[in-house]
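A look at the structure
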Amino acid sequence: MNDVGIQPTALAPAAFKSAIKPIWCPGCGDFSVLSAITKALAMIGRPPHEVAIVSGIGCSSRIPAYTSCYGLHGVHGRALAAATGLKLARPDLTVLVTGGDGDGYSIGGNHFLHACRRNVDLTYVVMDNHVYGMTKGQPSPTTEPDWDSKLAPGGTHIRVFHPLVVALAAGANFVARAFSGDPNGTAALIAQAIRHPGFSFVEILSPCVTFRPEQREWKTQVRAAPVGPTDDPVRAAHRVMTDDGFNIGVLYAGSRAPYVPERRASPATVADLEAEFRV
Amino acid sequence: MSDGIDRAPARGALQGVSVALAGSGGSGVMTAGTLLLAAAAKAGGYGLMVRTSGPQIRGGEAAALVRLADRPVDTLGDAFDLLLAIDWGNVNRFADEIPLTARSVIIGDSDEGEPPAIYAGTGARYLAVPMKKTAKAIAGAWVNMVALGLVGALVGLPRSALEQAVRADGKRGEAALAANLAALAAGYTAAGELDPPLALPRLPRIAQPRDRWLISGNEAAGFGAIRGGVRFVAAYPITPATEMLEWMAPALARVGGTLLQAEDELASINMIIGGAYGGVPSLTATAGPGLALMAEGIGLAVASETPVVVVDVMRGGPSTGIPAKSEQSDLSFAVSGLHGDAPRLVLAPTSIADCATTTQWAVHLAERLQAPAIVLSDQFLGQSRAIIDPPVDPGVGAERLVAEANAPDYKRYRDTESGVSPMAIPGTPGVTYTADGLEHTEAAVPSSAARDHRLQLDKRSRKLLNFDYGDRWADIQGDGDAAVITFGSTTAAVREAVARARAQGHRLRLIALRLLAPAQPQRLAAALEGVRRVIVVEQNHGAQFYRYLRGHFDLPANPASYHRPGPLPLRPGELHRALADWNGEGRAAR
């Protein structure tokens, strides 16, 4: 748990922003998500140097450098792996992972499964816009099968990947859906995810107004989920497989203990290790 | 004892004996070989045991190849003095790996028939011994213990040393131990009753044993890593590196570290980048296929200047290749297999003991220079077990240049004179930054500007090129105007071949590189001063080391190459003949 024994500091969200100007297009949903993350961190109250944000490649993966926290902007699809290593080596840090649908569900899909399963205390924030934006408009695993693009004329004709169901099946301990157009609600969900022990997954509908201008309509489609979170993954999966994809809120909050490596109270020395080799 | 200088050799010729113990699955030959080595250790001697087996996961035919000697041995001999087979099922498979001569002896079980023609045809003398009958006469006894007693006696091991080894291994309770000791005694006695008596080369009595370790190369590499300060490991199982991880998992837990089994090698390299970014010295171990998967991640370590150590226990390649056999064929990939201009450290241990020293040094260099270090071990070093002198402690560990809290005008990738810039460790206030695989400014802001790219490329290259690696970069031995250059596990066979050539009056220099990248052309030039002829020895098909040396160093004119692929190890006699050919002696030397 990240919030045990931490003294809240009186830091404003602005204290978590860096001076670097984002490369995003005007109107991009990720501006609001950045804002929500800094608000959430202000709510959590740990200073920026005790927080690390890890990402892969893509528009939304640029977020670490736009914060005043420690950041690791690594290679495409491997953010969860890098964050897992960081958290296990440095359990004292609050570790967030940010990225997009291509980074997390396509090239990084295997790490997504195993991060859910492993349940290390991380918070994974995915900005899902159903498109590869940085490479200028190719279909991602969450793109509708009939969406026309240069790379897949007439559509991919491949069914979409359902990240929340996959997360539930793979064992994520906290699963929520948010909408970037509601930065305050999103901030509250992210803060809740950070506080929840184990692997927390927040899928954020974050429109790409450049390549998916029709996503501007999302703001009229989203609504608060009619029911609160459950601790039953089967019920949660049923709900999320039968809704229209626009219910916002915490879907599932589990109570599985996070993975924490065993540490000896009184470690042995290197000389103790040598002894086993001596003839 | 400095690393750059030859270990003082024992006086006189090496005294020792080579034994192969073979049999089908479940015959217990690996246990017998392990205990034979352990008994030699108790008796004060040195030795090496190489395992070989068929492709079955469990229960296939197997052979323990054991060489015992009065001094450290890191290579098998040219031929075996004794082949003992508990049975002959599929043991003919090992004919290439168990060369015999007319001076060799074959012992088989009386009930198992004659040895296969491929062995019998060597002219080796054959003796049948009723090992199974002997074991059957003792309730609960295993035939491999009869074999152990027989072989132990024939190679001159004291009975007490064999008993100590069996007792130390006792996992099955008192009754089983008593039966095994009885079987051992029966085998030992049978050796003295052979008719006609058998006189094999023996391990001489060691009056005053030195401090020695019994260890495999994989264990040694893991130990060196921990002694160097590694406290986080993430890795994916792969032959022949897995035993290194299996040794490290409990060992790391004991010293307060963590080992995590990753979902794949893409994860393991990025996990250790995460751990190292967090300030904890981190390592992964793999083999060729895993190294290939890690290439992008190693590039991230280069660009983000994150220290990581990757131990590649090389096996036959390409692709899945020959997983459980040795080859030095990942060299080209290790020194040049990343995209972009990506300076990295590449090191290779020259012996089982040196797996500890070199891995520890690699941890030091990676941390000191904030760069990835690849350690090229191989299956032969990794999976062989040896009695060694305690590995040299280079006395260096993880010493990373870190940023102070609230350092004024902190820039993570500042263009310092050495090229190494202070690294802020998460948790340190006032110096936060984002480590990046994107090209960046000194202040770690992503940049595609020509000036920034050039500056950072220069910085990352300079920090490796300008570092003083000291004498440890190579083991240099001998003088003369001809030199043999090698690296890694072939060093031991080359050393024995050179010793034989010297005994015939040749003056030869032996240069075994431990630091392969960055290339040290000035140091090699100094090492080659006065040398007019050079031959490069390595175990791969493409002469990778030879080509690498020709690309990066000024060698004397017309350098020669002796290279061949695995899976069979380079043997001293083969290399001695190659040196003779190179010296223009041709077949006369054979």
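Worth saying up front: this structure is predicted, and the values here are computed from it rather than measured.

Definitions and cut-offs
- All residue numbers refer to positions counted from 1 along the written sequence of the respective chain.
- The lettering of chains begins at A and the numbering of ligands begins at 1, in the order of writing.
- Restriction of local features to residues with pLDDT of at least 70 applies here, the model being predicted, together with a cutoff of 80 or more for giving and counting side-chain atom pairs; totals for whole chains, interfaces and linings are based on all residues.
- Each helix is a run of DSSP H or I of at least 4 residues and each strand a run of E of at least 2, with the numbering of both proceeding from the N terminus.
- The quantity called the radius of gyration is restricted to C-alpha atoms. Its globule counterpart is 2.2 Å times the number of residues to the power 0.38.
- Whether two residues are in contact is decided by their C-beta atoms, placed from the backbone, lying within 7 Å.
- We call a residue exposed when 12 or fewer other C-beta atoms sit within 10 Å of its C-beta, buried when the count reaches 20 or more, and partly exposed for counts in between; the C-beta positions come from the backbone.
- Any two strands are treated as partners once DSSP identifies two or more bridges connecting them.
- Note on geometry: axes are lines fitted to C-alpha atoms, helical ones only across the stretch in contact, with angles between N-to-C directions running from 0 to 180 degrees.
- When buried Ala, Val, Leu, Ile, Met, Phe, Trp, Tyr and Cys residues are joined through C-beta atoms within 7 Å, the set is termed a nonpolar core.
- Throughout, the ten residues Ala, Val, Leu, Ile, Met, Phe, Trp, Tyr, Cys and Pro are labelled nonpolar, Asp, Glu, Lys and Arg are labelled charged, and all others, Gly among them, are labelled polar.
- For each domain, the first and last residues come from an automatic or database assignment.
- pLDDT measures how confident the predictor is about each residue, on a scale from 0 to 100.
- Each angle is binned into one of four classes, with values under 35 degrees roughly parallel, values over 145 roughly antiparallel, values of 65 to 115 roughly perpendicular, and all other values oblique.
- Rotating anticlockwise by less than a right angle from the far helix to the near helix defines a left-handed crossing, while the corresponding clockwise rotation defines a right-handed one.

Right, let's get into the overall build of chain B. Along its length, chain B carries 18 helices and 21 strands. Relative to the compact-globule value of 25 Å for 590 residues, chain B shows a C-alpha radius of gyration of 26 Å, a close match. C-alpha extents for chain B along the principal axes are approximately 85 × 60 × 45 Å. For chain B, the share of sequence-separated contacts (at least 6 apart) that also reach a separation of at least 24 residues comes to 75%.

Let us now look at the overall build of chain A. Tallying secondary structure elements over chain A gives 9 helices and 8 strands in all. Against the compact-globule benchmark of 19 Å for 279 residues, chain A has a radius of gyration of 19 Å, which places it among compact chains. Projected onto its principal axes, the C-alpha positions of chain A cover 70 × 45 × 40 Å. Sequence-distant contacts in chain A: of pairs separated by 6 or more residues, those separated by 24 or more amount to 70%.

Bringing the pairing of strand S13 (residues 372–378) of chain B into the picture now. Residues and elements named next belong to chain B. Within S13, 7 of the 7 residues are buried, which leaves the element mostly enclosed by the surrounding structure. Burial of the side chains of S13 extends over both faces: Pro-372, Ile-374, Leu-376 and Asp-378 are buried on one face and Ala-373, Val-375 and Ser-377 on the other. In the sheet, strand S11 (residues 308–314) pairs with S13 via 7 bridges, with the strands oriented parallel. Within S13, the residue paired with Val-309 across the bridge is Ala-373. In this structure, strand S12 (residues 345–347) lies alongside S13, joined through 3 bridges in parallel fashion. By the bridge assignment for S13, Leu-347 is matched with Val-375.

Attention shifts here to the environment of Ala191(A). Residue and element names in this part refer to chain A. On the secondary structure map, Ala-191 appears in helix H6 (residues 183–195). Between the alpha carbons of Ala-191 and Ile-37 there is a distance of 8.2 Å; along the sequence they are 154 residues apart. Sequence-distant contacts of Ala-191, defined by excluding residues within four places in its chain, comprise Ala-40, Met-43 and Ile-44.

A separate point is helix H17 (residues 544–552) of chain B. Because each turn of an α-helix spans 3.6 residues, side chains separated by three or four positions in sequence point in the same direction. Within H17(B), burial applies to Gln544(B), Phe545(B), Tyr546(B), Tyr548(B) and Leu549(B). Tucked into the core, H17(B) has its buried residues touching helix H11 (331–336), strand S17 (482–487), strand S20 (533–538) and strand S21 (560–563) of chain B.

Looking now at the sheet that holds S21(B). Residue and element names in this part refer to chain B. Pairing in this open sheet of 5 strands is mixed, and the strands run S16-S18-S17-S20-S21 from one edge to the other. Two strands in the sheet have a free side with no partner beyond their single neighbour: strand S16 (474–477) and S21. The sheet shows a mean angle of 15 degrees between the axes of neighbouring strands, taken without regard to direction. Direction of pairing for S17 relative to S20: parallel, over a ladder of 4 bridges. The partner of Ala-483 across the bridge, within S20, is Val-534. Lying on the sheet, H17 is in contact with S17, S20 and S21; it crosses S20 at an angle near 135 degrees.

Quick look at the nonpolar core now. Counting residues in hydrophobic clusters, the biggest one holds 271 residues, and the most contacted among them are Leu21(B) and Val309(B). In terms of residues, this core owes the most to one element, helix H12 (residues 352–369) of chain B, which gives 10 residues.

Taken together, the contact between chain B and chain A spans 49 residues of the former and 44 residues of the latter. For the side of chain B that touches chain A, the leading source of residues is helix H9 (residues 265–277) of chain B, giving 9 residues. Class assignment of the residues belonging to the side of chain B that touches chain A gives a composition of 27 nonpolar, 14 polar and 8 charged. Relative to strand S15 (residues 434–436) of chain B, strand S2 (residues 70–73) of chain A is paired through 3 bridges, and the arrangement is parallel. Paired with Gly71(A) across the bridge in S15(B) is Thr434(B).

Turning to the sheet that holds S2(A), a few remarks are in order. Strands sit in the order S7(A)-S8(A)-S5(A)-S6(A)-S4(A)-S3(A)-S1(A)-S2(A)-S15(B) across an open sheet of 9 strands; the sheet is mixed. The sheet is open, and its two borders are formed by strand S7 (223–224) of chain A together with S15 of chain B, each paired with just one other strand. Each of strand S1 (51–55), strand S3 (94–100), strand S4 (123–128) and strand S6 (200–205) of chain A is contacted by helix H1 (residues 30–44) of chain A, which is oriented at about 160 degrees to S4(A), the strand it contacts most.

On domain assignment, one finds that chain B holds domain 1 (16–192), domain 2 (214–388), domain 3 (401–467) and domain 4 (472–589). Centre-to-centre separation of domain 1 of chain B and domain 3 of chain B, based on C-alpha positions: 58 Å.

Bringing the confidence of the model for chain B into the picture now. All names here are of chain B. Per-residue confidence for chain B gives a mean pLDDT of 94, with 97% of residues at or over 70. Predicted confidence is poor over residues 1–11, with pLDDT under 50, and the contacts of this stretch with residues over four places away or in other chains come to 14 contacts. Across the whole predicted complex the pTM is 0.96, and at the interface the ipTM reaches 0.96.

Next up on the list: unusual backbone geometry. All names here are of chain B. Looking along the chain, the bond that leaves Asp-195 and enters Pro-196 is cis, with omega of -5 degrees. Along the polypeptide, Pro-196 turns up in the loop between helix H6 (173–192) and strand S7 (213–216). A cis geometry characterises the amide bond from Gly-317 onward to Pro-318, with omega recorded as 0 degrees. Relative to the elements of secondary structure, Pro-318 occurs in the loop between S11 and H11. In this structure, Asn-406 is a non-glycine residue whose phi angle is positive, near 55 degrees. Position of Asn-406 relative to the elements: it lies in the loop between strand S14 (385–388) and S15.

This prediction gives chain A a mean pLDDT of 95; 97% of its residues lie at or above 70. For residues 1–6 of chain A, every residue scores under 50 in pLDDT, and the model assigns this stretch 10 contacts once sequence neighbours within four places are set aside.

Residue and element names in this part refer to chain B. Position of Arg-577 among the secondary structure elements: in helix H18 (residues 572–582). The class of Arg-577 is partly exposed, set by 19 C-beta atoms lying within 10 Å. The spacing of Arg-577 and Ala-482 is 95 residues in sequence and 16 Å in space, taken between C-alpha atoms.

Residue and element names in this part refer to chain A. Side-chain alternation along S2 places Tyr-70 and Leu-72 on one buried face and Gly-71 and His-73 on a second face that is also buried. Bridge count between S1 and S2: 4 bridges; the pairing is parallel. Within the sheet, the bridge partner assigned to Ile-53 lies in S2 and is Gly-71.

All names here are of chain A. Of note, Ser-266 is situated in the loop between strand S8 (247–253) and helix H9 (270–275). Take Ser-266: there are 5 C-beta atoms within 10 Å of it, and that puts it in the exposed class. For the pair formed by Ser-266 and His-111, sequence separation is 155 residues and the distance between their alpha carbons is 33 Å.

Residue and element names in this part refer to chain B. Between helix H7 (residues 217–227) and H12, the shortest axis-to-axis distance is 7 Å and the interhelical angle comes to 30 degrees. Taken together, the axes of H7 and H12 are roughly parallel relative to one another. The crossing of H7 and H12 is right-handed. Between H7 and H12, the residues in contact are Gly-217, Ala-220, Ala-221, Phe-223, Gly-224, Ala-225 and Arg-227 and Ile-352, Ala-353, Cys-355, Ala-356, Thr-357, Thr-358, Thr-359, Gln-360 and Val-363, respectively. Considering only residue class, the contact of H7 with H12 consists of 9 nonpolar, 6 polar and 1 charged.

Attention now goes to helix H4 (residues 109–118) of chain A. Among all positions in H4(A), only His111(A), Phe112(A), His114(A), Ala115(A), Cys116(A) and Arg118(A) are buried. Buried residues belonging to H4(A) abut helix H2 (79–89), helix H3 (101–107), S4 and helix H5 (163–170) of chain A together with H9 of chain B. Taken from the residues just after H4(A), Asn119(A) is the one with a positive phi, measuring 60 degrees.

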